[in-house]
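Structural overview
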Amino acid sequence: MDPVIHDPHNHAPAATPDDVWGDAEGTIASHGSILAILPRKKTLTEEAPQIRNNEGLRIEARPIERDGSGSLEVQEITGSVLRLDPEIPMEAKMPRTVTFHERPPDAGKKTKPAEDVEWGSKRKHPLLWIIGTGAAVCATVVVAMMLQPAINEKNAIRPGQGLAKMILDPDDEIARSEEIESMLERQFEAEQVFRKFASAMIADEVLLTLHNSGKMKALVRSRSLPVRVSKDWVPAESTTWSVFDNDGRAYGILTGTLPDYSNFAAYLIPTDKILHLDWKATTAYSTATIAELRKGQGDSSEIRARIAPADFFSNVFPEDQYASYQLSSPDNSEILWCYARHGERAAVALHRLFLKGDIIQDSTEPKKVTVRLERGPEDAQPHQWLVSDVRNEWITP
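Scope of this entry: the structure provided in the associated data block.

Rules used in this analysis
Residues numbered from 1 in each chain as written. Predicted model: local features only at pLDDT ≥ 70, side-chain atom pairs only at ≥ 80, totals over all residues. Heavy atoms only, no water. Helix = DSSP H or I, 4+ residues; strand = E, 2+ residues; numbered from the N terminus. Buried < 20%, exposed > 50% of the residue type's maximum accessible area, 1.4 Å probe, protein only. Polar contact = N/O pair within 3.5 Å; in protein donor to acceptor, adjacent residues only side chain to side chain. Salt bridge = Lys/Arg side-chain N within 4 Å of Asp/Glu carboxyl O. Pairing = 2+ DSSP bridges. Axes fitted to C-alpha atoms, helices over the stretch in contact; angles between N-to-C directions. Contact = heavy atoms within 4.5 Å.

Turning to the side chain of Ser328, a few remarks are in order. Residue position: Ser328 is located in strand β6 (residues 322-328). For Ser328, a relative accessible area of 8% puts it in the buried group. Here Asn332 takes part through its side chain, which lies 3.4 Å from a polar atom of the side chain of Ser328.

Per the counting criterion, the structure on display carries 7 salt bridges. With a closest N to O distance of 3.7 Å, Glu205 and Lys231 form a salt bridge. Note that Glu205 is positioned in helix α5 (residues 203-207) and Lys231 in the loop between α6 (213-222) and β1 (240-246), a separation of 26 residues in sequence. What makes Glu205 partly exposed here is its relative accessible area of 30%. The partner of Arg304 in a salt bridge is Glu302, and the shortest N-O contact between them spans 2.8 Å. The exposure classification of Arg304 matches that of Glu302, with both residues buried. When salt bridges that share partners are traced, they join Lys280, Glu302 and Arg304 into one network.

Next up on the list: the sheet that holds strand β5 (residues 303-309). Here we have 5 strands rolled up into a closed barrel, ordered β5-β6-β7-β9-β8, and mixed in their pairing. Strand-to-strand twist across the sheet, computed as the mean angle between neighbouring axes with direction ignored, equals 55°. Across 4 bridges, the pairing between β5 and β6 is antiparallel. Residue pairing for β6: Pro309 is matched across the bridge by Tyr325. Here helix α9 (residues 345-353) sits on the sheet in contact with β5, β6, β7 (335-341), β8 (367-375) and β9 (384-392), set at roughly 65° to β9.

Of note in the backbone geometry, Asn212 takes a positive phi value of approximately 55° without being a glycine. With respect to the helices and strands, Asn212 occurs in the loop between α5 and α6. A relative accessible area of 37% means that Asn212 is categorised as partly exposed. In the Ramachandran plot, Glu393 falls in the positive-phi region, its phi being about 70° despite a non-glycine side chain. One can find Glu393 in the segment after β9.

Bringing the sheet that holds strand β3 (residues 263-271) into the picture now. The antiparallel open sheet is built from 4 strands, whose spatial order is β1-β2-β3-β4. The open sheet terminates on both sides in strands that have one partner only, identified here as β1 and β4 (274-277). The average undirected angle you get between the axes of adjacent strands in this sheet is 35°. Pairing analysis gives 6 bridges linking strand β2 (residues 249-257) to β3, with the strands arranged antiparallel. Each residue of the ladder has a partner; that of Ile253, found in β3, is Tyr267.

Structural data, given as structure tokens:
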């Protein structure tokens, strides 16, 4: 039998009479030995054995029946679409009719609703109308200029409302500027005066450097020396010298650092062409401490502190009658509430310290002041005081 697939490279030998497929007994008898016997070839017409119980699934080939009952139904698929007719027939549409309307004869002469008939045409104004309009404008400007001084006078700030009248004498102003310029060149002298003050061993050595030493003798001797440095101590190069004017009186402030890294601010006043130290301003002397005043105690006649605006009010000190301020100690360790009655001299002076200008707005930075305090009403708290007098800075008058 010829194979189904022919391989040119596989030259199988031709069948011989000895090749036996199904006669196993003849093969054994002729050769005298047992050979491998191939099973008999099955045909497609043979029926497959029945599946026994508990046997697995077998896949077998069965012949295809060619009778009419087993033929396949073939349906040709074309591009046509099967359409279904509606159950209720649609009504036939009315045929469209076109009617021509003739344009009215005056339709082209009409204008748009928002457009004027005389739009874009030049109008001629009478000469008198132009002259009258110009005269009215000129009259309005003249009247406004005439009323301006009266309006400004009502809004002007008068003395007692935060500003005081100031009359400057040209000669005094020149002399004051010359004194300030001469003070700016005296930093070395100021450093030597403060050096003697800081290195003094006894009160009498301190008095030699002070302004009004005769009046200050008893007070200085009753207090301990505020600063103690060695005799060979020299102020550092970073020490600064600033000159100010206080009500026509020039004074200087020497600021720097001590050997223990604490800061100092020495106030010096020129007297008889010699610089002297203001002991009260330099030591921030007060007749009572802020801690004592918070308890409602102490002498409040001369208090050197820092003051800043506040908004702490009460039933005893209402906002419509008083201005509120916060008074702090020189080292900012203690605070005190104080008030100034509107319209009084102390309130005007404090308002001037924090008055705003055209460019600089209200200042809230604490200012150095010397104040005299008084006890408030009976219902006031111990830490609430009235300001009866105030001086700018700590300098002694």
